[in-house]
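One letter stands for each residue in the lines below.
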Amino acid sequence: MRAHMITYGCQMNEYDTHLVQSQLVSLGADMVESVDEADFVLINTCAVRGKPVEKVRTVLGELRKQKGQRKLVVGMMGCLAQLEEGQQIARKFEVDVLLGPGSLLDIGKALESNERFWGLQFKDELHEHIPPPPAGKLQAHLTIMRGCDHHCTYCIVPTTRGPQVSRSPDDILRELDMQLAAGVQEVTLLGQNVNAYGVDGGAKLAGYPSFADLLRMVGKSGVRRIKFTTSHPMNFTEDVAAAMAETPAVCEFVHLPVQSGSDRVLRRMAREYNREKYLRHIAEIRKHLPSAVLFTDIIVGFPGETEEDFQETLSLYDEVGYDSAYMFIYSPRPGTPSYKHFQDLPRELKTERLQRLIAKQKDWATRKNAEKLGSVQEVLIRGDAHSEGFLEGHTRGNHPTIVPKALGATGAGIYQVRIEQTSPHMLSGRILGSDGQPLPELPRFTPEAAAVMGGLPMA
Ligand code: SAH
Ligand code: SF4
Ligand code: F3S
């Protein structure tokens, strides 16, 4: 079998793709790079907004055409698969295999079956099957919990991924050891709401540390960098900020989605905090980590949002001074309370507000990134950038960064970089050697450079 996977959605989906891919390989499949080479195409889907759902429809439409012309098995997994909406789509586009986020291990059974196979149960033993990351990858995700116990009125995730289930600390540390052995230097702890770790369904689990203590434990593993996402402000505690400050490996990066700056809107979203409480958390973070990079998610045009409400979101942005943000237009999701009970605002109004918010975000990102000019940042270089002769990576604060290839630093690794240029989207600079001086830039395509590099091609 030649299998190809397409992944939409968040980091949790990327993690799940990694899991399923390893299952496919252990079943004897060859993973191929394109749909055309594959006889099994599996799409990992997202349902959080209308757009990712539309993308899946388009791809499935294409695949159905191909199915008429050649032997092709089509599968759909992930969040959309779990929903009635997704199952309707699957029927319409003649999908053969359908696996919800809790049934991924059924992939073997599904492929053996001669008829349509739909797996939609939530099973617990998923994690025992996580493979090590591919060799040479410096970055890895580590899921510490699945599902979500909140009920934000706009959000489909609790329906697609079920209630919160925390992984045991032993299990987490075991996976981390495997990642470290594979050479991972930066691990991102994943969950819909990592601050609620160890408290499932409102009940504290015996023998589970708090999230702050989990950070401290992971900090002792020897991993160079620790990040985590996402934090829900409702469950954020000052101890998390304290743990971040006292654990050197934890990066000074906080993604704390606010969604709106208006108390009235926050109440209608059922976010369980107000503006004042949110700002208190920001103050706690700044107290422990004065240089923290702050990131957020904002939804514009939630049903009933007035111009005044929107102004409060803009003023909150200024009050916090975010480094950057993910910004979304409210997308009504069938099955959510806000879809059932509230009237969607006109599209033009939502788009116009998004434009104004993007202008604000750009303004702050320009300013915040410009403050980094001349500073030395620790950059995890992943490898070649799009533009030839450059490497790309990101800082501890998640700023995308590019550097020219330098002698002594041509590939993946963690380097000190002096920032020489900034834009709202990225930083660029030069890699420093242990003496603090910039490493000599790699001359391109000269015989001398080839000799220094041991004759390796440098493109
Ligand atoms: N558990 C995370 C969020 C997961 S979804 C948290 O609570 O922070 C990621 C982001 O998608 C959310 O923060 C929200 O900003 C956005 N989002 C979720 N549902 C949405 C919807 N119906 N329309 C627009 N944006 C949405
Ligand atoms: Fe959705 Fe809210 Fe849960 Fe985040 S906390 S996944 S926004 S219900
Ligand atoms: Fe992630 Fe999309 Fe599911 S954001 S949790 S893949 S609905």
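Every value quoted in this text rests on a predicted model; they were computed, and no experiment measured them.

## Remarks on the pairing of strand E10 (residues 186-190)
Taken residue by residue, a regular strand's side chains alternate between the two faces of the sheet.
Then, number 1: Most of E10 sits inside the fold, with five of its five residues counted as buried.
Then, number 2: Residues of E10 alternate between two faces, with Glu186, Thr188 and Leu190 on one and Val187 and Leu189 on the opposite face, all of them buried.
Then, number 3: Sheet topology places strand E7 (residues 139-143) next to E10; five bridges connect them, and they run parallel. Across the sheet, the residue bridging to Leu142 is Leu189, located in E10.
Then, number 4: In this sheet, strand E13 (residues 225-229) lies alongside E10 in parallel orientation, the contact comprising five bridges.

## Concerning the side chain of Ser262
Then, number 1: The residue Ser262 is located in the loop between strand E14 (253-255) and helix H9 (263-269) in this model.
Then, number 2: When neighbours within four sequence positions are excluded, Ser262 is seen to be in contact with Asp309, Glu312 and Thr313.

## Quick notes on the UniProt feature "binding site: [4Fe-4S] cluster 1" (unreviewed entry) in the chain
Then, number 1: The UniProt feature table records "binding site: [4Fe-4S] cluster 1" (unreviewed entry) at Cys10, Cys46 and Cys79. Their sequence span is 70 residues, while the largest C-alpha to C-alpha distance among them is just 10.4 Å; these annotated residues converge on one region.
Then, number 2: Here Cys10 lies in the loop between strand E1 (2-7) and helix H1 (11-26).
Then, number 3: Excluding residues that lie within four positions of it along the chain, Cys79 makes contacts with Thr45, Cys46, Ala47, Pro101, Thr160 and Arg161.

## Concerning the sheet that holds E7
Across a sheet, strands are paired by hydrogen bonds formed along the backbone, either parallel or antiparallel in direction.
Then, number 1: Taking strand neighbours across the sheet as the criterion, the three strands line up as E7-E10-E13 in an open arrangement whose pairing is parallel. Two strands bound the open sheet, and with one partner strand each, they are E7 and E13. Between one strand and the next, the sheet's axes are offset by a mean angle of 25°, whatever the strand orientation.
Then, number 2: Of the strands in this sheet, E7, E10 and E13 are in contact with H1, which crosses E7 at around 95°.
Then, number 3: Where helix H6 (residues 169-181) meets the sheet, its contacts fall on E7 and E10, and the angle it forms with E7 comes to roughly 165°.

## A few points about the domain arrangement of the chain
Then, number 1: Splitting the chain by domain gives domain 1 (2-119), domain 2 (130-370) and domain 3 (376-452).
Then, number 2: Computed from C-alpha coordinates alone, the two centres of domain 1 and domain 3 are separated by 37 Å.

## Topic: the site of ligand 1
Then, number 1: Taken together, the neighbourhood of ligand 1 is formed by 15 residues, with Arg49, Gln192, Gln259, Asp297 and Ser331 sitting nearest.
Then, number 2: One nitrogen or oxygen atom from the side chain of Arg49 is found 2.9 Å from an oxygen atom belonging to ligand 1.
Then, number 3: Contact between ligand 1 and Gln192: a nitrogen atom at 2.7 Å from a side-chain N or O atom of the residue.
Then, number 4: Taken by itself ligand 1 offers 540 Å² of open surface, and the protein chains cover 91% of this.
Then, number 5: Of all the secondary-structure elements, those providing two or more residues to the shell around ligand 1 are strand E15 (293-300) and strand E16 (324-329).
Then, number 6: Looking at side-chain class alone, the shell around ligand 1 contains seven nonpolar, four polar and four charged residues.

## A few points about the nonpolar core
One recurring pattern in soluble globular proteins is that nonpolar side chains are buried together.
Then, number 1: Core analysis: the biggest nonpolar cluster contains 60 residues, and Ile144, Leu189, Phe211, Leu215, Ile226 and Phe228 have the highest contact counts within it.
Then, number 2: Excluding residues within four positions of it along the chain, Phe228 makes contact with Thr188, Leu189, Val194, Phe211, Leu215, Val240, Met244 and Val250.
Then, number 3: Ranked by size, the runner-up nonpolar core spans 27 residues in total, among them Ile6, Ile43, Val59 and Met76.

Criteria and cut-off values
- Residues numbered from 1 in each chain as written.
- Chains lettered and ligands numbered in written order.
- Predicted model: local features only at pLDDT ≥ 70, side-chain atom pairs only at ≥ 80, totals over all residues.
- Heavy atoms only, no water.
- Buried < 20%, exposed > 50% of the residue type's maximum accessible area, 1.4 Å probe, protein only.
- Helix = DSSP H or I, 4+ residues; strand = E, 2+ residues; numbered from the N terminus.
- Pairing = 2+ DSSP bridges.
- Contact = heavy atoms within 4.5 Å.
- UniProt positions renumbered as here; feature names shortened; annotations may be inferred.
- Axes fitted to C-alpha atoms, helices over the stretch in contact; angles between N-to-C directions.
- Domains from an automatic or database assignment.
- Near = heavy atom within 4 Å.
- Polar contact = N/O pair within 3.5 Å; in protein donor to acceptor, adjacent residues only side chain to side chain.
- Areas by Shrake-Rupley, 256 points an atom, 1.4 Å probe, with all protein chains shown as cover.
- Nonpolar A, V, L, I, M, F, W, Y, C, P; charged D, E, K, R; others polar.
- Core = buried A, V, L, I, M, F, W, Y, C linked by side-chain atoms within 4.5 Å.

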